[in-house]
Amino acid sequence: MNPERIDLGGRVALVTGASRGIGRAIALALGRAGADVAVNCHSHAGRAEEVVTALRAMGRRAMVVAADVSVRAAVEEMVVRIGRELGPIEILINNAGIANLRGLDELDEAEFDRTIAVNLKSAFLCTQAVLPAMRASRHGRIVNLSSAAARGPGVVGVHYNASKAGLEGLTRGYAARLAAEGITVNAIAPGPIETDMAGPLRQTDAFRRVPVGRLGTPEEVAQSVLMVIDNPFITGQTIGVNGGVVLG
Ligand code: NAP
């Protein structure tokens, strides 16, 4: 599939956590398909500026929106700013996430709460903030970045498993309630992908045992996001992009 064949001209997209890794690749793929893109980041604003520069070089409108997506007020302010500068958001990619490796005996309540807030609650907050405009136009695309760890053991820890399993439940719940309004909601569940997040996980057995024999690339994940955005009959689904990793 060639992203240039998908026409997202005039559509406004928000990609959370787009300063690096998978989010960056998704933002650039959306831009190549014609979308104007808001590039969210948390602390790496310089990296987000580089993504915006690349999008503008393609002729797209683009902006950096630094915001902690686990905080309601920050999310609401971000969505208002994007609406003012780029227009109503029609494509939301809930990609921002954290994966701090914790064994059973190391995991504490603070890490559990933070992981649920950044990986799961953020998707609820961003979805709630963009839904009024999507429902008014009777068109929207929401894609949530889950993980093979939603269904399998994963390598990060039970906090991460729980956050991603919750995200898939959120995906199906919204999809069922929004299908009749022209809004699709899907999840992409990557296996091990070559990003900063993969760094500390690279030496784990699960990462070394990917059936296709290598880690995936952010661009391979971005391609699957474009695929579900382009198909109005796919909703409520989780698409695995995992090199054959199913139950690790
Ligand atoms: P990454 O390279 O670590 O990048 C994480 C991104 O999320 C960064 O842009 C970061 O912003 C942003 N972020 C983190 N906390 C945030 C917050 N509170 N508010 C706003 N932005 C925040 O991660 P990645 O590998 O690209 O992963 C992207 C998504 O795919 C995540 O949801 C992850 O769980 C999922 N995933 C990844 C893999 C993998 O192997 N890499 C596998 C399965 C699923 P800053 O740059 O500003 O810090």
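To be clear, the structure that these remarks concern was listed above.
K.L.:
What's the story with the sheet that holds strand E1 (residues 12-15) in this structure? I'm lost.
P.N.:
Picture the strands of a sheet paired through backbone hydrogen bonds; they go either parallel or antiparallel. Taken in spatial order, the 7 strands of this open sheet run E3-E2-E1-E4-E5-E6-E7, and their pairing is parallel. Lying at the two open borders of the sheet, with one neighbouring strand each, are strand E3 (62-66) and strand E7 (238-241). In this sheet, adjacent strand axes meet at a mean angle of 20° when their direction is disregarded. Here strand E4 (residues 91-94) pairs with strand E5 (residues 140-145) via 4 bridges, running parallel. Within E5, the position partnered with Leu92 by the bridge is Ile142. The strands that helix H2 (residues 45-57) touches are strand E2 (36-41) and E3; relative to E3, the one it contacts most, it runs at about 165°.

K.L.:
Would you take a moment to explain the nonpolar core for this structure?
P.N.:
If you look at soluble globular proteins, the nonpolar side chains tend to sit buried side by side. Counting residues in hydrophobic clusters, the biggest one holds 37 residues, and the most contacted among them are Leu8, Ile26, Leu30 and Ile93. The set of elements that each furnish at least two residues to this core consists of E1, helix H1 (21-32), E2, H2, E3, E4, E5 and helix H7 (218-230). Top element by residues in this core is H1. It accounts for 7 residues. Of all hydrophobic cores here, the second largest spans 26 residues; its members include Val12, Val65, Val130 and Leu178.

K.L.:
How should I be thinking about helix H4 (residues 109-137) in this particular structure?
P.N.:
What sets the pattern is the α-helix's 3.6 residues per turn: residues three or four places apart point alike. With 29 residues, H4 extends 41 Å between its outermost C-alpha atoms, agreeing within 8% with the 42 Å of an ideal straight helix rising 1.5 Å per residue. Taking the largest bend as the criterion, H4 deviates by roughly 45°, centred on Leu131, and proline Pro132 comes between one and four positions later. Positioned one or two residues after H4, Arg138 has a phi angle of 55°, which is positive.

K.L.:
I keep staring at the state of the cysteines and nothing clicks. Help me out?
P.N.:
Where two cysteines share a covalent bond between their sulfur atoms, that bond is called a disulfide. What the rule picks out here adds up to 0 disulfides. With no disulfide partner, Cys41 has as its closest neighbouring cysteine sulfur the one in Cys126, 13 Å distant. Look at Cys126 and you get buried, because its relative accessible area is 1%.

K.L.:
In this structure, what is going on with the environment of Gly154? I would like to understand it.
P.N.:
Mapped onto the elements of the fold, Gly154 is located in the loop between E5 and helix H5 (158-178). In this structure, the C-alpha to C-alpha distance between Gly154 and Arg24, residues 130 residues apart in sequence, is 23 Å. The contacts of Gly154, once residues within four sequence positions are left out, are Ala149 and Asn161.

K.L.:
What am I meant to see in the site of the ligand here?
P.N.:
Lining the immediate surroundings of the ligand are 32 residues, of which Ser19, Arg20, Ser43, Tyr160 and Thr195 lie closest. One of the backbone nitrogen or oxygen atoms of Val69 is found 3.1 Å away from a nitrogen atom of the ligand. Within the complex, 96% of the 900 Å² of free accessible area of the ligand lies under protein. Among the elements of the structure, H1, E2, H4 and H5 are those that each provide at least two residues to the shell around the ligand. Taken together, the residues that form the shell around the ligand break down as 14 nonpolar, 13 polar and 5 charged.

K.L.:
Please clarify how the environment of Val79 should be interpreted in this entry.
P.N.:
Turning to its location among the elements, Val79 is positioned in helix H3 (residues 72-85). Each C-alpha atom of the pair Val79 and Asp105 lies 39 Å from the other, and the pair is 26 residues apart in sequence. Apart from residues lying up to four places away in sequence, Val79 is in contact with Ile89, Ala129 and Val130.

K.L.:
Please clarify how unusual backbone geometry should be interpreted in this entry.
P.N.:
Across residues other than glycine, the phi torsion is negative in most instances, and most of the peptide bonds are trans. Phi at Arg138 is positive, roughly 55°, even though this residue is not glycine. Here Arg138 lies in the loop between H4 and E5.

K.L.:
Which parts of the structure should I look at to understand H7?
P.N.:
The end-to-end C-alpha distance of H7, which contains 13 residues, comes to 19 Å, matching closely the 18 Å that a straight helix rising 1.5 Å per residue would cover. Those residues of H7 not exposed but buried are Pro218, Val221, Ala222, Ser224, Val225, Leu226, Val228 and Ile229. Packing partners of the buried residues in H7 comprise H1, E4, E5, strand E6 (183-190) and E7.

K.L.:
What is the right way to read the environment of Pro190 from this model?
P.N.:
Tracing the sequence through the fold places Pro190 in strand E6. C-alpha separation for the pair Pro190 and Gly216, spaced 26 residues apart in sequence, amounts to 8.3 Å. Beyond its immediate chain neighbours, meaning those up to four positions away, Pro190 contacts Ile22, Leu145, Ser146, Ser147, Ala148, Val221, Val241 and Asn242.

Thresholds applied
- Residues numbered from 1 in each chain as written.
- Predicted model: local features only at pLDDT ≥ 70, side-chain atom pairs only at ≥ 80, totals over all residues.
- Heavy atoms only, no water.
- Pairing = 2+ DSSP bridges.
- Helix = DSSP H or I, 4+ residues; strand = E, 2+ residues; numbered from the N terminus.
- Axes fitted to C-alpha atoms, helices over the stretch in contact; angles between N-to-C directions.
- Contact = heavy atoms within 4.5 Å.
- Core = buried A, V, L, I, M, F, W, Y, C linked by side-chain atoms within 4.5 Å.
- Buried < 20%, exposed > 50% of the residue type's maximum accessible area, 1.4 Å probe, protein only.
- Expected span 1.5 Å × (residues − 1).
- Bend = angle between axes of the 7 residues up to and from the residue.
- Disulfide = S-S within 2.5 Å.
- Near = heavy atom within 4 Å.
- Polar contact = N/O pair within 3.5 Å; in protein donor to acceptor, adjacent residues only side chain to side chain.
- Areas by Shrake-Rupley, 256 points an atom, 1.4 Å probe, with all protein chains shown as cover.
- Nonpolar A, V, L, I, M, F, W, Y, C, P; charged D, E, K, R; others polar.

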